[in-house]
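Listed below, chain by chain, are the residues.
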Amino acid sequence: MSKNSNFSRADFMSFFRDTEKLNELSVDDRLEVFCSILTGSSDFSAKLLNELLSDYGVGHLRVVEEN
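Every value quoted in this text rests on a predicted model; they were computed, and no experiment measured them.

The rules we used
- Residues numbered from 1 in each chain as written.
- Predicted model: local features only at pLDDT ≥ 70, side-chain atom pairs only at ≥ 80, totals over all residues.
- Heavy atoms only, no water.
- Helix = DSSP H or I, 4+ residues; strand = E, 2+ residues; numbered from the N terminus.
- Rg over C-alpha atoms; globule rule 2.2 N^0.38 Å.
- Buried < 20%, exposed > 50% of the residue type's maximum accessible area, 1.4 Å probe, protein only.
- Areas by Shrake-Rupley, 256 points an atom, 1.4 Å probe, with all protein chains shown as cover.
- Lys, Arg positive; Asp, Glu negative; His and termini not counted.
- Charge placed at Lys NZ, Arg CZ, Asp CG, Glu CD.
- Patch = residues over 30% accessible without salt bridge, like charges linked within 9 Å, V, L, I, M, F, W, Y side chains within 5 Å.
- Salt bridge = Lys/Arg side-chain N within 4 Å of Asp/Glu carboxyl O.

Peer 1: Please explain the overall build of the protein chain as it appears in this structure.
Peer 2: In terms of regular secondary structure, the protein chain is built from four helices and zero strands. Helices and strands in the protein chain line up, N terminus first, as α-α-α-α. Taking 11 Å as the expected radius of gyration for a compact globule of 67 residues, we find that the protein chain reaches 16 Å, considerably beyond that expectation. Overall, the C-alpha framework of the protein chain stretches about 50 × 25 × 20 Å when taken along its three principal axes. Counting every position in the protein chain, which comprises 67 residues, the buried fraction comes to 6%. By element, 53% of the accessible surface of the protein chain is carried by carbon and sulfur atoms, the whole surface being about 6,400 Å². Within the protein chain, the 12 negative side-chain charges are centred at a point lying 4 Å from the centre of the 7 positive side-chain charges.

Peer 1: Teacher, can you tell me more about a nonpolar patch on the surface here?
Peer 2: On the surface, F7, F12, F16, V33, I37, L38, F44 and L48 cluster together into a nonpolar patch covering about 710 Å² of accessible area. Here F7 is to be found in the segment before α1 (9–16).

Peer 1: Please clarify how the pattern of salt bridges should be interpreted in this entry.
Peer 2: Side-chain pairs of opposite charge can arise whenever the charged atoms involved come near each other. Going through the model one piece at a time under the given rule, you end up with two salt bridges. Between K21 and E24 there is a salt bridge whose closest N-O contact spans 3.9 Å. On the accessibility criterion, K21 (36% relative accessible area) is partly exposed. The exposure class assigned to E24 is exposed, which follows from its relative accessible area of 58%.

Structure follows, in structure tokens:
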């Protein structure tokens, strides 16, 4: 991609949904995106984190919300 071209939201989502393209990313690349994609603390909830754990088959961890 040249310096003058734009990478639009549509471009990103197309890339993200393309398994072959995602497989071009290293584990470090994936971790960088995963750890920085959310905008802030309001994005996090016990429900979201537990769904994520479930989606990845992580059965030995559970997030508990504290009041």
